[in-house]
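Commentary on secondary and tertiary structure
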Amino acid sequence: MEGYQKLLANYIRVNIKFRETLTKEISNVAITNEISPITTFRFYPEEPKWKDEWNGLLTAEEMIEINQFNDEFAEVIGAERDTVFYGNTKKQCLVESANSNKRIPVYAHKFFTISPYSTVEEVDRYVEFLREHLVFFLKTKNAVPLK
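To start, this report covers the structure provided alongside it. (Residues numbered from 1 in each chain as written. Predicted model: local features only at pLDDT ≥ 70, side-chain atom pairs only at ≥ 80, totals over all residues. Heavy atoms only, no water.)

**Things to note about the packing of aromatic side chains**
Applying the stated rule across the entire model yields 13 aromatic pairs. Ring geometry for Phe 69 and Phe 137: centres 5.1 Å apart, planes at 65 degrees, overall edge-to-face. You can see Phe 69 sitting in helix α3 (residues 60-78) and its partner Phe 137 sitting in helix α4 (residues 123-140), a full 68 residues away along the chain. Per residue, the accessibility class of Phe 69 equals that of Phe 137, and both read buried. (Phe/Tyr/Trp six-rings, centres within 6.5 Å; stacked < 30°, edge-to-face > 60°. Helix = DSSP H or I, 4+ residues; strand = E, 2+ residues; numbered from the N terminus. Buried < 20%, exposed > 50% of the residue type's maximum accessible area, 1.4 Å probe, protein only.)

Here it is as structure tokens:
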């Protein structure tokens, strides 16, 4: 039991460090869940709008556009899943929109450390992988560069 407690504690430590580093290094990302062994996050073409999305302040069209952005980026990072693997989901949750009665699914990326060999020391590498691919992706879309 003590071994499992140590593994779970490591998962949490790595995820906390990942969350801190990700939001510090990438200006257009938002964490979309509470602290757990899995971190879900979402990118935005410009500035994070997660709080507005969560509170139903964005239109359905805005959220669909953000979903498309994340879906396309998932394809970019998925091409190199043998280097760093990030999961993704097209239905992390459903949120209200400002202009529709229909709830909109939220697309998100997932970081989960299921290996006891994942350490806080490797987090910079995980985030740098995302940052480098995001810079490339934004250039292909002629979007606003990262700050």
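Having put the structure on the table, let's press on.
**Overview of a nonpolar patch on the surface**
A grouping of Ile 38, Phe 85, Phe 112 and Ile 114 is seen on the molecular surface, where their side chains present a nonpolar patch of about 380 Å² in accessible area. Looking at where Ile 38 falls in the secondary structure, it is placed in strand β2 (residues 38-43). Note on Ile 38: relative accessible area 37%, which makes it partly exposed. (Patch = residues over 30% accessible without salt bridge, like charges linked within 9 Å, V, L, I, M, F, W, Y side chains within 5 Å. Areas by Shrake-Rupley, 256 points an atom, 1.4 Å probe, with all protein chains shown as cover. Salt bridge = Lys/Arg side-chain N within 4 Å of Asp/Glu carboxyl O.)

**Section: the packing of α3 against α4**
The N-to-C vectors of α3 and α4 enclose an angle of 120 degrees; their axes lie 10 Å apart at closest approach. Relative to α4, the crossing made by α3 is right-handed. Contacts between α3 and α4 involve Phe 69, Glu 72, Phe 73, Val 76 and Ile 77 on the former and, on the latter, Phe 129, Leu 130, His 133, Leu 134, Phe 136, Phe 137 and Leu 138. Taken together, the residues of the contact of α3 with α4 sort by class into 10 nonpolar, one polar and one charged. (Axes fitted to C-alpha atoms, helices over the stretch in contact; angles between N-to-C directions. Left-handed = near helix turned anticlockwise from the far one by under 90°. Contact = heavy atoms within 4.5 Å. Nonpolar A, V, L, I, M, F, W, Y, C, P; charged D, E, K, R; others polar.)

**Remarks on the side chain of Thr 113**
The topology assignment puts Thr 113 in the loop between β6 (108-112) and α4. A polar contact of 3.5 Å, which involves the side chain of Thr 113, links it to the side chain of Asn 15. With residues up to four places along the chain from it excluded, the contact list for Thr 113 reads Tyr 11, Val 14, Asn 15, Pro 37 and Ser 118. (Polar contact = N/O pair within 3.5 Å; in protein donor to acceptor, adjacent residues only side chain to side chain.)

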